[in-house]
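A closer look at the structure
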Amino acid sequence: MYITRWATKNELPLLAEYWFKMACEMGEKDGIPIPNIERVNEVRNLFLKESEENNLRFRVAVDEKGNIVACAGGLIRMEYATPLSEEQTPFGWIIGVYTINNHRKKGLASQLVEEVCSWLKERGARRARLWASSQGRRIYERIGFSPMLDMEKVL
């Protein structure tokens, strides 16, 4: 049995570690460069700064022993909705979605992402975006995310 709740400021360093684990797994599966410890420290500081400015919140799933076993963050930004938009509007980013291995396939990521999307919507965002690993795409498509039109060419 799990409960979900908002993470506390004191838990943000642990969530930065989970971000690192997520990035390492994406690197292994999708060839994305693995961040070094300096980048992990930058992310930890970013989490703290954006949280203090109320632009970032994390939902966490906690097991029966009180351990955080999954997380998903929401970051609100002012951005142009499209390249031709005339003004910036609140825009949501889903970040740092991670579930510890032995707690996967229980719907935790989906539930946390949906809860974060509700928070982003309350903050005025009309859309949310995320970068998904090849493994995570199915999860996000099931809860309503769709592939974007971006294209890439390796140079």
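Below is a summary of the structure that appears in this document. Remember, it's a predicted structure, so these values are computed and weren't measured experimentally.

A look at the overall build of the chain
The secondary structure content of the chain amounts to four helices and five strands. The globule rule puts the C-alpha radius of gyration for 155 residues at 15 Å, and the 16 Å found for the chain is close to it. C-alpha atoms of the chain, sized along the principal axes, occupy 50 × 35 × 35 Å. Classification of the 155 residues of the chain by burial places 37% in the buried group. Per element, the accessible surface of the chain, about 10100 Å² overall, is 52% carbon and sulfur. Averaging the positions of the 23 positive and the 21 negative side-chain charges in the chain gives two centres separated by 4 Å.

What about helix α1 (residues 12-30)?
Helix length check: α1, at 19 residues, gives a terminal C-alpha distance of 26 Å against a target of 27 Å (1.5 Å per residue), a fit within 8%. For α1, the full list of buried residues reads L12, L15, A16, Y18, W19, M22, A23, C24, E25, M26 and G27. Residues of α1 that are buried make contact with α2 (37-52), β2 (56-62), β3 (68-80) and β4 (88-99). With its phi angle positive at about 75°, G31 sits one or two positions after the end of α1.

Conventions used here
Residues numbered from 1 in each chain as written. Predicted model: local features only at pLDDT ≥ 70, side-chain atom pairs only at ≥ 80, totals over all residues. Heavy atoms only, no water. Helix = DSSP H or I, 4+ residues; strand = E, 2+ residues; numbered from the N terminus. Rg over C-alpha atoms; globule rule 2.2 N^0.38 Å. Buried < 20%, exposed > 50% of the residue type's maximum accessible area, 1.4 Å probe, protein only. Areas by Shrake-Rupley, 256 points an atom, 1.4 Å probe, with all protein chains shown as cover. Lys, Arg positive; Asp, Glu negative; His and termini not counted. Charge placed at Lys NZ, Arg CZ, Asp CG, Glu CD. Expected span 1.5 Å × (residues − 1). Contact = heavy atoms within 4.5 Å.

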